[in-house]
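A closer look at the structure
Below are the chains, spelled out letter by letter.
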Amino acid sequence: LQSTCAWHKQWYQRRVRDKSLFLDGSLTLQFCDKVMKAGFIAVLLLACLPALSLADFAWSYKCSDSVCQRVSLAETNGEYIPLPKCRLQCKAGGTLWPYPTGDVRIGSNVVAVRVSDFKFVAARSERLQEAVEIFKGHFKTNTAAGEGSVKVQFQISDESSVLDMSSTEAYQLYIQSHAGSTTVVITSLTFQGGRHGLETLSQLIQCEEDACYMASDVLLTDEPKYPWRGVLLDTSRNYFSVETIKNLIDGLSASKLNTFHWHITDEPGKPQLVRSS
């Protein structure tokens, strides 16, 4: 580096004497100075590398005061704890929205899962089977292997229930692991409650890249405080794409809302053909 920069300086001085400078020699000198500084830093790093270990470059997450904090791998005794797993272990129910209105007991036990391997039991109706497929679709890109087997059992009294102002949407969710096997039980009187339980289960599964983790020590009960919970969308005065409207409806489902109030037009009368399914 020193010899190269010395050559550039000599070249610059010769061109100045000959009054035939075609390039900005000051830039050449600045470049040489920066190259020499960079070379010094590189040599210093190479000299220090043998004294450093992998733990000085790797990191993990650790729960501190109910908050997951990023720390060096040395602080977790060399064990890598991904952020999704830390979230499930750190604060009971911290991944749930809306937070359940009943009793909530969530332990710190977490298991790695692959949702596509879940076995669903007693999903008799077509609408419940469709809800299961939507649930599995949320995790279709997470293909890492899980720990043991997971069985999801539905105990729903009326899978054909109709939603109205008097509907019961309460449910209970139970998750327990034992000897490499995890059992999930969703209990409800109505299909609506069972679907809410399935949504809560999805919130207790957190993923990072291909891997997913699920809380494995859970017992909670939940019931909406209000029978009418929804969002109004005004497409008469505002434009929304079809894809945006579909995403909004998915968001209502994820938040356990039950009413989509669609203000389509301001016209007093507009014929609209709605084909029956």
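Everything below is about the structure printed above this text.
Presented here is an overview of the structure given in this document. Computed from a prediction, not measured in an experiment: that's the story for all the values here. (Residues numbered from 1 in each chain as written. Predicted model: local features only at pLDDT ≥ 70, side-chain atom pairs only at ≥ 80, totals over all residues. Heavy atoms only, no water.)

A word on unusual backbone geometry
Selection criterion: Helix numbers and strand numbers start at the N terminus; a helix is a DSSP run of H or I with at least 4 residues, a strand a run of E with at least 2.
Each neighbour pair has its own omega, and for Trp97 with Pro98 the value is -10°, a cis peptide bond. One can find Pro98 in the loop between helix H3 (83-90) and strand S3 (104-106). Residues other than glycine seldom take positive phi values, yet Asp65 does so here, at roughly 55°. With respect to the element layout, Asp65 can be found in the loop between strand S1 (59-64) and strand S2 (67-72). With a phi angle near 65°, Ser66 is a residue other than glycine that sits in the positive phi range.

Observations regarding the pattern of salt bridges
Note the following rule: Salt bridge, as applied in this entry: a Lys or Arg side-chain nitrogen positioned within 4 Å of an Asp or Glu carboxyl oxygen. Here's how the labels work: a residue is buried when its accessible area is under 20% of the maximum for its type, exposed when over 50%, partly exposed in between, all with a 1.4 Å probe on protein chains only.
Scanning the model with the defined rule gives eight salt bridges in all. A salt bridge links Arg114 to Asp117; the nearest nitrogen and oxygen atoms lie 2.7 Å apart. Given a relative accessible area of 28%, Arg114 falls into the partly exposed group. Classification of Asp117 as partly exposed rests on a relative accessible area of 46%. Between Glu159 and Arg124 there is a salt bridge; the shortest N-O distance is 3.4 Å. Here Arg124 lies in the loop between strand S5 (119-121) and helix H4 (126-137) and Glu159 lies in the loop between strand S6 (149-158) and strand S7 (171-178), a separation of 35 residues in the sequence. For Glu159, a relative accessible area of 7% gives the class buried. Overlapping salt bridges, with partners in common, bring together Asp234, Arg237 and Asp266 in one network.

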